[in-house]
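Letter by letter, the chains look like this.
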Amino acid sequence: MTAKVTILDLEKKSGISKTTISRYLHGVKVSSDKARRIEEAIAECGYIRNNFAQLLRSSQSNLIAVLIPDLDNPFFLKIIKRLEELADKQGKTLIIKTTKRSVQAELDTISFVRGFRVEALFLCRSELDDEMLDAMKLDIPVISLDRSFKHITSILSNNFKSGHDLSKHLIQHCQGEVMFFSRLHESDSVHERIRGFQEACVQADKVGYQYKYDVEHEIDFEDLYSFVKQYKIEGIICRNDNEAVKILAFLSDKANKGEIKPIKICGFDNIALSKHMIPKLTTVDQRVEEMCDIAFDLFSNDDCFPPRTIIHEADLIIRESTL
């Protein structure tokens, strides 16, 4: 087992006194020459800084936390990537925690990250309600992404308009019926998309079918296929691109075998795969990076109060899957 490298080792390697090295490691400014020699010694000796001890001594943790439901949806990965880029630029570290769409897990996770004295907390599609957040008496900036709250600043896409515009486009390119594919229990964002879908269907004098599956189980594609045939569905809006890709692949196979006519399919999130697949997928780009930029600017500028909701417009991207 390799012996632990200490400040005494750094002193021998650098020729700088252990007192000066200690001051440098504690954030006290030293001459550029001494700093260079200390850093070279750290690299050569393999010295590991005790960031936890530094955290206890400092009034700033330089830590920011983001809570997301899961890592399966590329939408959340986009948020993580952008927030980490923004944090890095300011010399801060992003703590990433998943909550598995559980209220209790989210409450426990918030308590956990607060123990690290995080400077801000970003909640993505939180499962909590206003009363739960109020009861926690959070004394740091808390910003919600893609869900609106009364007492914390929230930034969300105009999901109703996106759902309406996407549905209107699909209806214009379908002679038959259209449907919305979603889960039994949905986030506020998807409920707003469904509301936009229903409004577009009313305006076009369409029934506006909905197919819902239980997230606790895998999608039953054969049951979905039966539903599509029974109600003569020609167009499907999926809750996100992830599921649109799966359904498009399955129903395209059925169409290639001559069992059904080709079905027009679209989704939300504009994941990377959507523009590279065949056919390319019609989707809604929620401009996640810009949403994160707004949120991070509010934190950086100490502008999270008073709480307000900022509606962020999305872009409809029309591709081959609905034409």
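Everything below is about the structure shown above.
Keep in mind that this is a model prediction, so the values were computed, not measured.

Trainee: What is the right way to look at the nonpolar core in this model?
Mentor: What tends to happen in soluble globular proteins is that the nonpolar side chains get buried as a cluster. Counting 26 residues, the largest nonpolar core has Met 179, Phe 181, Ile 236, Ile 247, Leu 251 and Ile 265 as its most contacted members. At the level of secondary structure, the elements contributing two or more residues to this core comprise β6 (177–183), β7 (209–213), α10 (221–230), β8 (233–238) and α11 (241–256). Aside from chain neighbours lying at most four places away, what touches Leu 251 is Tyr 225, Ile 236, Ile 260, Ile 263 and Ile 265. If you look at the next biggest cluster of nonpolar residues, it comprises 25 residues, including Phe 75, Ala 120, Val 288 and Cys 292.

Trainee: When you look at the sheet that holds strand β1 (residues 63–68) in this model, what are you seeing that I'm missing?
Mentor: One key point about sheets: their strands pair by backbone hydrogen bonds, in either a parallel or an antiparallel sense. What the 6 strands build is an open sheet, ordered β2-β1-β3-β4-β5-β11; its pairing is parallel. The open sheet has two edge strands with one neighbour each: β2 (93–98) and β11 (309–312). Going from strand to strand, the sheet's axes swing by 20 degrees on average, the running direction of each strand aside. Inspection of the sheet shows strand β4 (residues 142–145) paired to strand β5 (residues 153–157) by 3 bridges, in the parallel sense. For Leu 145, the partnering residue across the bridge sits in β5 and is Ile 155. On the sheet, helix α6 (residues 103–114) packs against β1, β2 and β3 (120–124) and is oriented at approximately 155 degrees with respect to β2.

Trainee: Could you clarify how one ought to interpret the packing of helix α1 (residues 7–14) against helix α2 (residues 18–25) in this entry?
Mentor: Each pair of packed helices can be summarised by the angle the axes make with each other and by the distance between the axes. Contact geometry for α1 and α2: axes closest at 9 Å, N-to-C directions at 115 degrees. Here α2 runs roughly perpendicular to α1, going by the angle between their axes. In the packing of α1 onto α2, the handedness of the crossing is right-handed. Contacts from Ile 7, Leu 8, Leu 10, Glu 11 and Ser 14 in α1 reach Lys 18, Ile 21, Ser 22 and Leu 25 in α2. For the contact of α1 with α2, a count of residues per class yields 5 nonpolar, 2 polar and 2 charged.

Trainee: So what exactly am I meant to see when it comes to the packing of aromatic side chains here?
Mentor: For any two aromatic rings, the description comes down to two numbers: the centre-to-centre distance and the angle of the planes. Evaluated as defined, the whole model comprises 12 aromatic pairs. Ring geometry for Phe 122 against Phe 296: centres 6.3 Å apart, planes inclined by 5 degrees, an arrangement best described as stacked. Note that Phe 122 is positioned in strand β3 and Phe 296 in helix α12 (residues 288–300), a separation of 174 residues in sequence. Phe 296 shares its class with Phe 122; the two are buried. One aromatic cluster in this structure is built from Phe 181, Tyr 209, Tyr 211, Tyr 213, Phe 227 and Tyr 231. Stacked on the ring of Tyr 225, the Lys or Arg Lys 254 has its end atom at 4.4 Å from the ring centre.

Trainee: Would you take a moment to explain the sheet that holds β7 for this structure?
Mentor: One open sheet holds the 4 strands; their spatial order is β7-β6-β8-β9, and the pairing between them is parallel. Each end of this open sheet is capped by a strand with a single partner; those strands are β7 and β9 (264–266). Between one strand axis and the next, the sheet turns by 20 degrees as a mean value, whatever way the strands run. Summarising the sheet, β6 and β7 pair through 5 bridges and their orientation is parallel. Directly across from Met 179, in β7, lies its bridge partner Tyr 209. Of the strands in this sheet, β6, β7 and β8 touch helix α9 (residues 188–203), which is tilted by about 170 degrees from β6.

Trainee: Would you mind showing me how to read the pattern of salt bridges here?
Mentor: A side chain of one charge can pair with a side chain of the opposite charge if their charged atoms are brought near each other. Applying the stated criterion across every chain, the model contains 22 salt bridges. Close ionic contact of Glu 44 with Lys 13 constitutes a salt bridge, the shortest N to O distance being 3.5 Å. Of the two residues, Glu 44 is situated in helix α3 (residues 32–45) and Lys 13 in helix α1; the sequence distance between them amounts to 31 residues. Since its relative accessible area comes to 55%, Glu 44 is described here as exposed. The class of Lys 13 is partly exposed, set by a relative accessible area of 46%. The partner of Glu 243 in a salt bridge is Arg 183, with the nearest N and O atoms 4.0 Å apart.

Trainee: Honestly, α12 in this entry has me stumped. Any pointers?
Mentor: Residues separated by three or four positions in an α-helix point in the same direction, a consequence of the helix having 3.6 residues per turn. With 13 residues, α12 should reach 18 Å at 1.5 Å per residue; the first-to-last C-alpha distance of 18 Å fits that figure. Every buried residue of α12 is listed here: Val 288, Met 291, Cys 292, Ala 295, Phe 296, Leu 298 and Phe 299. Viewed end-on, α12 has its buried residues packed into an arc of 155 degrees, placing them on one side of the element. Next to the buried residues of α12 lie β1, α5 (74–89), β3, β4, β5 and β11. Asp 302 lies just past α12 and shows a positive phi near 50 degrees.

Conventions we followed
- Residues numbered from 1 in each chain as written.
- Predicted model: local features only at pLDDT ≥ 70, side-chain atom pairs only at ≥ 80, totals over all residues.
- Heavy atoms only, no water.
- Core = buried A, V, L, I, M, F, W, Y, C linked by side-chain atoms within 4.5 Å.
- Buried < 20%, exposed > 50% of the residue type's maximum accessible area, 1.4 Å probe, protein only.
- Helix = DSSP H or I, 4+ residues; strand = E, 2+ residues; numbered from the N terminus.
- Contact = heavy atoms within 4.5 Å.
- Pairing = 2+ DSSP bridges.
- Axes fitted to C-alpha atoms, helices over the stretch in contact; angles between N-to-C directions.
- Parallel < 35°, antiparallel > 145°, perpendicular 65-115°, else oblique.
- Left-handed = near helix turned anticlockwise from the far one by under 90°.
- Nonpolar A, V, L, I, M, F, W, Y, C, P; charged D, E, K, R; others polar.
- Phe/Tyr/Trp six-rings, centres within 6.5 Å; stacked < 30°, edge-to-face > 60°.
- Lys NZ or Arg CZ within 6 Å of the ring centre and 35° of its normal.
- Salt bridge = Lys/Arg side-chain N within 4 Å of Asp/Glu carboxyl O.
- Expected span 1.5 Å × (residues − 1).
- Arc of directions from axis to C-beta.

Everything listed here is a matter of geometry and, on its own, says nothing about what the molecule does.
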